[in-house]
Amino acid sequence: MLKKSFLLLLTICSFQFLSAQQNPLKQFPKGSTPKEIGKQLAYHFINGKHELYDRSIHYAEVCTWNGALDYALKVNDKKLIKHLQDKFEPLFTTEKALLPPMNHVDYNMFGSLALKLYQITKDERYKKMGLEYADTQWILPANAKPEQKAWADKGYSWQTRLWIDDMYMITVVQGEAYKVTGDKKYLDRAAKEMVMYLDELQRPNGLFYHAPDVPYYWARGDGWMAVGMPNLLRMMPEDHKDRPRIMEGYLKMMKSLKNYQQPSGMWNQLIDEPTFWAETSGAAMFTYAFIVGVQEGWLDAAEYAPAARKAWLAMIPYIDQRNNVTEVCIGTGKKNDKAHYFNRPRNAGDLHGQAPYLWCAAALLGE
């Protein structure tokens, strides 16, 4: 009996080992594991100063904060969670002036952070704050411009701009509000916006121009769509009326991104320009989209898991000795000039890059 039990245990262990070996997203060399990289970047973030835009918390900081929380939850690092809570606490009191105003997609997405912290702590202060950011995105202000009123009249957010980054900014706060309340209106809002943006902006090849009048596939711009779609799909019930359209857009984009992945494993500043430089924030966003798709069974694991692994391992050398992600394109306005994108400065430690690296680390750690 003892011998049979031992043989059964040996068989199970052997199977688990082989399964891990055969899953490209499970085994990584020392120094490249998601647990190591996530820890480095998350603890680096808590020691940093606030990144401000127009005197309030920048959306890139919110993205990084959310990523650090996701990582901390995956590894059950209570010390890190406490640090991330402590970093927020002054925003209720002495740093209240740094809270973003509730009048723009890039500002209202701040509510996603408060709502995520509510889910961890059940502190009602976070819930109240976060829901106010989510709700005001659909409450037309008295001084709204005619075009903002026109969007609201059609059931969309008055903050709608048809800029591709909106499909992360709007969906992240509405999605977290849905998780907190269970109120389907938040999910329906995000889905309605996503379908409209896909219908209006997705190109035949599955990618997105930086703007309708700027025919360039800028990596980070496309990255917001690449992340926003799977995050939203994960929340949507199978029978949601908008799910098939969003899944169609997601799969179409993933196929194109797979074709444009460089031999190194990275993606370039302009996705379809092989002579451009590798840009880390966009590459990390695309990697995240691949990881989630494989894990959820939406993407063929035989094809996309090795591509995601190759991308993750290619991303790691871009982290410098100070735990700053390098080769991150700075914030970039649209311009109908290819050289404009090639010549953009790159910042080490720019939170536009730190954030998606943390998203990838958390995602690779599984459910």
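Note that the coordinates shown come from a computational prediction; the quantities given were computed from them, not determined experimentally.

A few points about the UniProt feature "binding site: substrate" (unreviewed entry) in the chain
Thinking step 1. Mapped onto this numbering, the UniProt entry annotates "binding site: substrate" (unreviewed entry) at D106 and D165. What stands out for the annotated residues spanning 60 residues is how close their C-alpha atoms remain, the widest pair being 8.8 Å apart. Of the annotated positions named here, the second largest pocket is lined by D106 and D165.
Thinking step 2. Inspection of the secondary structure puts D106 in helix α5 (residues 105-108).
Thinking step 3. D106 gets classed as buried once you look at its relative accessible area, which sits at 16%.
Thinking step 4. With residues near it in sequence (within four places) discarded, D106 still touches Y59, R161, D165 and M169.

Section: the layout of surface pockets
Thinking step 1. In this structure, the largest pocket spans a volume of roughly 670 Å³.
Thinking step 2. As for the largest pocket, its lining consists of 26 residues, of which D70, K116, K179, R234 and Y288 are closest to the centre.
Thinking step 3. Taken together, the residues of the lining of the largest pocket break down into eleven nonpolar, seven polar and eight charged.
Thinking step 4. The computed volume of the second largest pocket comes to approximately 530 Å³.
Thinking step 5. If you go around the second largest pocket, you meet 24 residues; those closest to its centre are D106, R161, W163, D165 and T332.
Thinking step 6. Within the residue set of the lining of the second largest pocket, elements represented by two or more residues are α5 and α11 (219-235).
Thinking step 7. Considering every element that reaches the lining of the second largest pocket, the biggest residue donor is α11, with three residues.
Thinking step 8. Class assignment of the residues belonging to the lining of the second largest pocket gives a composition of eleven nonpolar, eight polar and five charged.

As for the environment of Y341
Thinking step 1. Mapping Y341 onto the fold places it in helix α15 (residues 338-342).
Thinking step 2. Taking the relative accessible area as the measure of exposure, Y341 reaches 0% and is therefore buried.
Thinking step 3. Separated by 236 residues in sequence, Y341 and V105 have C-alpha atoms that sit 24 Å apart.
Thinking step 4. The residues contacting Y341, other than those within four sequence positions of it, are H210, V214, Y216, W218, Q269, L270, F276, W277, T332, G333, K334 and K335.

Comments concerning helix α10 (residues 184-201)
Because an α-helix completes one turn every 3.6 residues, residues spaced three or four positions apart along the sequence face the same direction.
Thinking step 1. The first and last C-alpha atoms of α10 sit 26 Å apart over 18 residues, in line with the 26 Å expected at 1.5 Å per residue.
Thinking step 2. Buried residues along α10 sit against α7 (124-136), α8 (146-153), α9 (166-181), α11 and α12 (243-260).
Thinking step 3. With a side-chain oxygen lying 3.0 Å from the backbone nitrogen of K185, the N-terminal cap of α10 falls on D183.

Remarks on unusual backbone geometry
Thinking step 1. Even without glycine at this site, D54 takes up a positive phi of about 55°.
Thinking step 2. Assignment of secondary structure puts D54 in the loop between β1 (52-53) and β2 (56-57).
Thinking step 3. Judged by its relative accessible area of 56%, D54 is exposed.
Thinking step 4. Here the phi dihedral of K122 falls at roughly 60°; this positive angle occurs in a residue that is not glycine.
Thinking step 5. Along the polypeptide, K122 turns up in the loop between α6 (111-121) and α7.

Some details on the side chain of R243
Thinking step 1. You can see R243 is positioned in helix α12.
Thinking step 2. According to the relative accessible area criterion, R243 is buried, its value standing at 7%.
Thinking step 3. Of the polar contacts made by the side chain of R243, one reaches the backbone oxygen of M236; its length is 3.2 Å.
Thinking step 4. If sequence neighbours within four positions are ignored, R243 has contacts with L233, M236, P237, E238 and W298.

As for the pattern of salt bridges
Thinking step 1. Under the criterion given, the structure shown has 22 salt bridges.
Thinking step 2. Between D165 and R161 there is a salt bridge, with the nearest N and O atoms lying 3.6 Å from each other.
Thinking step 3. With relative accessibility at 22%, the residue R161 sits in the partly exposed group.
Thinking step 4. R220 is the salt-bridge partner of E279, the closest N and O atoms lying 3.8 Å from each other. Linking E279 in the loop between α12 and α13 (280-296) with R220 in helix α11, this pair joins segments that are 59 residues apart in sequence.
Thinking step 5. Judged by relative accessible area, E279 falls into the buried class, the value being 0%.

Rules used throughout
- Residues numbered from 1 in each chain as written.
- Predicted model: local features only at pLDDT ≥ 70, side-chain atom pairs only at ≥ 80, totals over all residues.
- Heavy atoms only, no water.
- UniProt positions renumbered as here; feature names shortened; annotations may be inferred.
- 1 Å grid on protein atoms, 1.4 Å probe; cavity = no way out; pocket = protein on both sides within 12 Å on 5 of 7 lines; lining within 4 Å.
- Helix = DSSP H or I, 4+ residues; strand = E, 2+ residues; numbered from the N terminus.
- Buried < 20%, exposed > 50% of the residue type's maximum accessible area, 1.4 Å probe, protein only.
- Contact = heavy atoms within 4.5 Å.
- Points joined across faces, edges and corners; volume = space filled by probe spheres on them.
- Nonpolar A, V, L, I, M, F, W, Y, C, P; charged D, E, K, R; others polar.
- Expected span 1.5 Å × (residues − 1).
- Polar contact = N/O pair within 3.5 Å; in protein donor to acceptor, adjacent residues only side chain to side chain.
- Salt bridge = Lys/Arg side-chain N within 4 Å of Asp/Glu carboxyl O.

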